[in-house]
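Architecture at a glance
What follows is the residue order along each chain.
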Amino acid sequence: MAIKRRDLLIKILISLFLIFDHGESSYSGVGSYDDEILQLASIKSSFLNRDSFSSSSHVHRVVHQKSWSSREHHVIDYGADPTGKSDSTEALQQAIFDVFRSPIDGHLMQGVTNLGGAEVHLDGGTYIINRPLRLPEVNGGNFMIHGGSLKASDNFPTDRHLIELWSSSDSPISYEYITLKDLLLDSNFRGGGISIVNSVRITVENCYISRFTTNGILIKGGHETYISNSFIGQHITVGGDLREKDFSGVGINVAGNDNAITDVVIFSAAIGVLVEGQANVLTGVHCYNKATGLGGIGIYLKSPGFTQNRILNCYLDFTGIVMDDPVQVQISNSFFLGNAQIKIKSLKGVAKGVSIINNMFSGDYSGVPIVGLDEREAPFTRIDQVVVDRNSVRGMKLRSTAARGSVWGNGTIWTVDFSEVLLFPNRIKNVQYTLHAGKLKVFPKHVLRDLSGNAVTVESDVPVSATIHVAVDQSSDGYI
């Protein structure tokens, strides 16, 4: 009985202590709930094992212990300023470095460490950086940077990019399977947006890149970089900008092979997309970066003699396509507005395996041809399998490598002139014709006499009233 009374007394005393303690902390103004939370956060932060980062005096941050079970690295946990008022370079760079400190077993390509799908999360903030965000020299892959905005500071180097994937190591492949997603990049007219060098299977998705002076995105070496659903422009505009004549830089610079650009808008730059590699494909790209009349180029295929690129279902809006000595190029199912044309430029007179088919062209009836030849450096002399055909044209001059025509005459000579339609001057490689004379008492003999100047002349031995139907082709030298 005594033991039970003693236990009861102890419980009463404990209850009274808790009541008084709670009453003091709740009503006395000392030891409030907020103070307790701050005290706990202070104790927690004392156990951190990562390097600390300085922060601005007017922003208080609590740096949380990173759980080893999570591969999400939130940059505000590293002290980054999401308001963009103070520099966040060190904090963001440390978050990227920490990703590479915790690889998992196994590799991607030989020598490329698997980072296990780790993420650097920008937490929807805007961050000022004074130098490029670079990946460590350790080759790695399978991670993502996403979810926020980066802006170059006023002292950012003018020859660099906000995000750079390149390594100084001797490895031919530096990084693999890295995703840059949901980012707004403001280069502040100091350098470029993204640089991807000697990397494979890189994804750039849903990005808005502006105010660059060099490249919005640079791809150099490597292969299989996929850029999609993004908006890129030096100046923020929707067209008709008074500054357009001064637009400079390149929206996307592709100096590599096997890359894809899909559903991307280039709204201001001197060159929308510059391609200097092979086996690349552009699909659904809308270029209104700088009008042709102001010196702009929408898409420039600058791989003379060995091109092997495809442009499909694109929209060239008052700016066109230029290609140097093209070899194996397909341009199809695209729309050219505002006298936008395709210019084939001769450096050494080569044009082989070029298909320009099933496109729509719309102009202002000022006489601009849908396809033009630039032979200022050299005439085209090596032409083979060039097909320009089945294009829909309104307000521009039709150009084709295949044409058909008819003419009626009463005499011995019929001439069908294709010089206003055929692309290459004085070049007809194949002719088919039919002389339709109706009911005659005699059977006239007739022969193909001349093809000079892209005009077909047929002559008969006796005068007849007849119509001649002619089909010609410039596309190939390889007829058997």
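Above: the structure in question.
Now for a look at the structure at hand.

Across its 12 residues, helix H3 (residues 89-100) extends 17 Å between first and last C-alpha, which sits within 8% of the 16 Å expected from 1.5 Å per residue. Most of H3 sits out of view: 10 of its 12 residues are buried. Taken together, the buried residues of H3 touch strand S1 (72-74), strand S2 (113-121), strand S3 (126-129), strand S4 (133-134), strand S5 (140-152) and strand S7 (175-186).

Despite not being glycine, glutamine 308 shows a phi value in the positive range, around 50°. The topology assignment puts glutamine 308 in the loop between strand S16 (297-301) and strand S17 (309-312). In this structure, glutamine 328 is a non-glycine residue whose phi angle is positive, near 60°. Along the polypeptide, glutamine 328 turns up in strand S20 (residues 327-332).

This next bit is on the side chain of histidine 235. If you trace the backbone, histidine 235 turns up in the loop between strand S10 (215-233) and strand S11 (250-257). A polar contact is formed between the side chain of histidine 235 and the side chain of glutamine 234, at a distance of 3.3 Å. When sequence neighbours within four positions are dropped, the list of residues in contact with histidine 235 reads Phe189, Arg243, Phe247, Phe267 and Ser268.

Note on pairing: side chains with opposite charge can pair once their charged atoms come close. Under the criterion given, the structure shown has 12 salt bridges. Glutamate 164 is the partner of arginine 160 in a salt bridge, and the nearest nitrogen-oxygen pair spans 2.7 Å. Exposure remark for arginine 160: the relative accessible area of 24% places this residue in the partly exposed category. With a relative accessible area of 2%, glutamate 164 lands in the buried category. Between aspartate 241 and arginine 243 there is a salt bridge whose closest N-O contact spans 2.8 Å. When its relative accessible area of 38% is taken as the criterion, arginine 243 is described as partly exposed. A network of salt bridges, in which partner residues are shared, links Glu176, Arg201 and Glu224.

Here the focus is the packing of aromatic side chains. Under the criterion given, the structure shown has six aromatic pairs. Pairing phenylalanine 100 with tyrosine 175 gives two aromatic rings, centres 6.5 Å apart and planes at 85°, and the pair type is edge-to-face. With phenylalanine 100 in helix H3 and tyrosine 175 in strand S7, the pair connects residues that are 75 residues apart, well separated along the chain. You'll find phenylalanine 100 and tyrosine 175 in the same group, each marked buried.

What counts, and at which threshold
- Residues numbered from 1 in each chain as written.
- Predicted model: local features only at pLDDT ≥ 70, side-chain atom pairs only at ≥ 80, totals over all residues.
- Heavy atoms only, no water.
- Helix = DSSP H or I, 4+ residues; strand = E, 2+ residues; numbered from the N terminus.
- Expected span 1.5 Å × (residues − 1).
- Buried < 20%, exposed > 50% of the residue type's maximum accessible area, 1.4 Å probe, protein only.
- Contact = heavy atoms within 4.5 Å.
- Polar contact = N/O pair within 3.5 Å; in protein donor to acceptor, adjacent residues only side chain to side chain.
- Salt bridge = Lys/Arg side-chain N within 4 Å of Asp/Glu carboxyl O.
- Phe/Tyr/Trp six-rings, centres within 6.5 Å; stacked < 30°, edge-to-face > 60°.

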